[in-house]
Amino acid sequence: MVNRASAERGGKSASPKLAPLVAGYVLALTFVAIFGLLSLSKVRETASTMNEVLSGHAENAIEVQHLTMLSERIGRTGRSYLLSGNGRFLRDLDAAREAFSAALVRLRASSVGTSAQRLLELVGELETEHEDAVNRVVQVRAQTGRASSVTPLLEAEVQPIRDRLVSILKTLTEQESAAFARARTEAEKTATMAIDSIAIAAVVTGAMLVGLTVLLGRTVRKLRRIRQDLDTLIGSLEERNKDLDAFAGRIAHDVGNLLAPLRITANHLQNVAGDDHRVRSSAERIERVTLRAAAFIAALLAFARAGQTSDDAPSATAVAPVLDETLDALASQRSLVGAEIDVDLEKDIRVACSAGLLQIVLFNLIGNALKFLEGRPVRKVQVQGRVRGPLCHLVISDTGPGIAPDVQARIFEPFYRAPANKLSGTGIGLATVQRIVERHGGRVSVDSVLGEGSTFVVRLPVAFVDIADRRVDITPHVRPRQHAT
């Protein structure tokens, strides 16, 4: 029989891998975000740096022009004073010299190049020479009192210094203007490269996103088609499973009818055998085989019936009475093993499952626990019932030998028996339990440690009852119970 889970696993294995596409899509978006932030930060940093460089060069160029103007002012006022002897020109000369010295200090302190620094040092030296030359001419003017006496000195001593100073200032102005132009060109180039890199990255990433989007869309459409085919396949399998369940039930019933005369014959042979041990031994073997076959058929019928569904709403079954009946049915097995069974149920637990199917679940789980307790130093089974939200948790724990981890994943498969399991059984008890529980919207799980025991947890939906035309949940109350041993 093929179940829905195995069909879905087969569909998943045949479906395209969606996770790599989604991961690629997320990766591309992450790349865009990170690269965009880094590029924006780089552009802002470049713009800030270039702005500082351009501002510095612009300020230096303006300062050099200002220095040139002050130098010309010094030359004019000095010449005017020497020729006229007017004290007003002397005061203007002193003021121009102070402004020139301050501008020269500012330029030297700025981030101008090495070549400009050397020119500024030369300007300072020439200005000092010019001042000394003007002072000498002033002394001659004061001694003679005539303007005509200083004219030759102006041409011979002062003017050559002025010409050299003007030439150097012109060179300095040209250098700073060229530096400013180079800085502007470099800034434009850097900005263009940054913008181009952002544009290229945006285009490449956009193309990636478009490609991934197209591929993702195709994959989603393909997954939808696969899902539709899978739903159709699952529906067909479920119909076939129903037919197989009904067929298995009919076969089991017919085989059981065929075994009944054989068991009667074995009993008759035992009665008439007398002292013939061979006949009696053969009759006993026939009876044992018949009993094992009948047990297998009963298990097969339970498994088949567990797969049958009903359109009627499941009944609200009280757990406590069903558990009591199950424990009574297992009383002889418990006595043979010498086991202790502790019961702890919350009050009035009701589950959405018929009493007959719930008893099959409890009978299989508790019976398995008792079967594996034989020969154990501590032989104890604990049954607990708790309501957790919309589910009832039925927990069956034992102190048995435990289940190996590699076996736990397969113990719910039909007809599977653990290699180390030497005890008798049909191999469909736990499969029947799982089938019943899952058919009612629940699930069953196992937690086991070798040498310590196993714990099975059955989760079934809590049943609702109608009270005053309202569907209300049964309120649980704790009521510990001890089953008689």
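The notes below deal with the structure included here. (Residues numbered from 1 in each chain as written. Predicted model: local features only at pLDDT ≥ 70, side-chain atom pairs only at ≥ 80, totals over all residues. Heavy atoms only, no water.)

**Remarks on the overall build of the protein**
Helix and strand counts for the protein stand at 11 helices and 10 strands. Sorting the 485 residues of the protein into buried and exposed places 34% on the buried side. (Helix = DSSP H or I, 4+ residues; strand = E, 2+ residues; numbered from the N terminus. Buried < 20%, exposed > 50% of the residue type's maximum accessible area, 1.4 Å probe, protein only.)

**A few points about a positive patch on the surface**
A cluster of basic residues, Arg218, Arg221, Lys222, Arg224 and Arg225, forms a positive patch on the protein surface. Under the relative-accessibility criterion, Arg224 is labelled exposed at 57%. (Patch = residues over 30% accessible without salt bridge, like charges linked within 9 Å, V, L, I, M, F, W, Y side chains within 5 Å. Areas by Shrake-Rupley, 256 points an atom, 1.4 Å probe, with all protein chains shown as cover. Salt bridge = Lys/Arg side-chain N within 4 Å of Asp/Glu carboxyl O. Lys, Arg positive; Asp, Glu negative; His and termini not counted. Charge placed at Lys NZ, Arg CZ, Asp CG, Glu CD.)

**Considerations on a nonpolar patch on the surface**
Together, Ile200, Val204 and Met208 make up an exposed nonpolar region whose accessible area comes to about 280 Å². Note that Val204 resides in helix α5 (residues 151-273). By relative accessible area, which is 44% here, Val204 ends up partly exposed.

**Notes on the nonpolar core**
As a rule of thumb, nonpolar side chains are buried together in soluble globular proteins. One finds Leu358 and Ile366 to be the most contacted residues of the largest nonpolar core, which totals 43 residues. Sorting the residues of this core by element identifies α7 (319-329), β2 (340-347), α9 (355-371), β4 (380-388), β5 (391-398), α11 (429-439), β6 (443-449) and β7 (453-461) as the ones contributing at least two each. Looking at this core element by element, the count peaks at eight residues for α9. When residues no more than four places from it in sequence are discounted, the contact partners of Leu358 are Thr317, Val319, Val322, Val351, Cys353, Leu394 and Leu460. Judged by nonpolar contacts, the second largest core, of 29 residues, contains Val64, Leu67, Tyr81 and Leu104. (Core = buried A, V, L, I, M, F, W, Y, C linked by side-chain atoms within 4.5 Å. Contact = heavy atoms within 4.5 Å.)

**Considering the packing of α7 against α9**
Axis separation between α7 and α9 bottoms out at 9 Å; the angle between their running directions is 50°. Here α7 lies oblique to α9, going by the angle between them. The handedness of the crossing between α7 and α9 is right-handed. Here Val319, Val322, Leu323, Glu325, Thr326, Leu327 and Ala329 of α7 come into contact with α9, specifically with Ala355, Leu358, Gln359, Leu362, Phe363 and Ile366. A class-by-class count of the residues in the contact of α7 with α9 yields 10 nonpolar, two polar and one charged. (Axes fitted to C-alpha atoms, helices over the stretch in contact; angles between N-to-C directions. Parallel < 35°, antiparallel > 145°, perpendicular 65-115°, else oblique. Left-handed = near helix turned anticlockwise from the far one by under 90°. Nonpolar A, V, L, I, M, F, W, Y, C, P; charged D, E, K, R; others polar.)

**Remarks on the pairing of β5**
With seven of eight residues buried, β5 is to be regarded as a mostly interior element. As paired elements, β4 and β5 share eight bridges and run antiparallel to each other. Paired with Gln382 across the bridge in β5 is Ser397. Hairpin connection between β4 and β5: a loop of two residues separates the two successive antiparallel strands, and Gly389 in this loop has a positive phi of roughly 65°. Examined bridge by bridge, β5 and β7 share seven bridges and lie antiparallel to one another. What sits directly across from Ser397, in β7, is Thr455. (Pairing = 2+ DSSP bridges.)

**Describing α9**
Compared with an ideal rise of 1.5 Å per residue, which puts 17 residues at 24 Å, α9 spans 23 Å between its outermost C-alpha atoms and is within 8% of the ideal. Buried within α9 we find Leu357, Leu358, Val361, Leu362, Asn364, Leu365, Ile366, Gly367, Ala369 and Leu370. (Expected span 1.5 Å × (residues − 1).)

**A word on the packing of helix α3 (residues 87-109) against helix α4 (residues 114-144)**
Packing of α3 against α4 brings their axes to within 10 Å, and their N-to-C directions diverge by 165°. Considering their axes alone, α3 and α4 lie roughly antiparallel with respect to each other. Judged by the twist between their axes, the crossing of α3 over α4 is left-handed. Residues Leu93, Arg97, Phe100, Leu104, Leu107 and Arg108 of α3 form the contact with α4, whose participating residues are Gln117, Leu120, Glu121, Val123, Gly124, Glu127, Glu131, Val134 and Asn135.

**Things to note about the packing of aromatic side chains**
Going through the model one piece at a time under the given rule, you end up with one aromatic pair. Considering the side-chain rings of Phe412 and Phe456, the 6.3 Å spacing of their centres and the 80° angle between planes classify their relative orientation as edge-to-face. Placement of Phe412 in the loop between α10 (405-408) and α11 and of Phe456 in strand β7 is noted, with a sequence separation of 44 residues between them. Note that Arg88 overlies the ring of Phe89, its terminal NZ or CZ placed 4.4 Å from the centroid. (Phe/Tyr/Trp six-rings, centres within 6.5 Å; stacked < 30°, edge-to-face > 60°. Lys NZ or Arg CZ within 6 Å of the ring centre and 35° of its normal.)

**Structural notes on the pattern of salt bridges**
Evaluated as defined, the whole model comprises seven salt bridges. For Asp342, the salt bridge is made with Lys380, and the minimal N-O distance between the two is 3.2 Å. One end of the pair, Asp342, is in strand β2; the other, Lys380, is in strand β4, with 38 residues separating them in the sequence. The closest approach of N and O atoms between Glu346 and Arg388, which form a salt bridge, is 3.8 Å. One end of the pair, Glu346, is in strand β2; the other, Arg388, is in strand β4, and 42 residues separate them in sequence.

Purely geometric numbers; function is a separate question.
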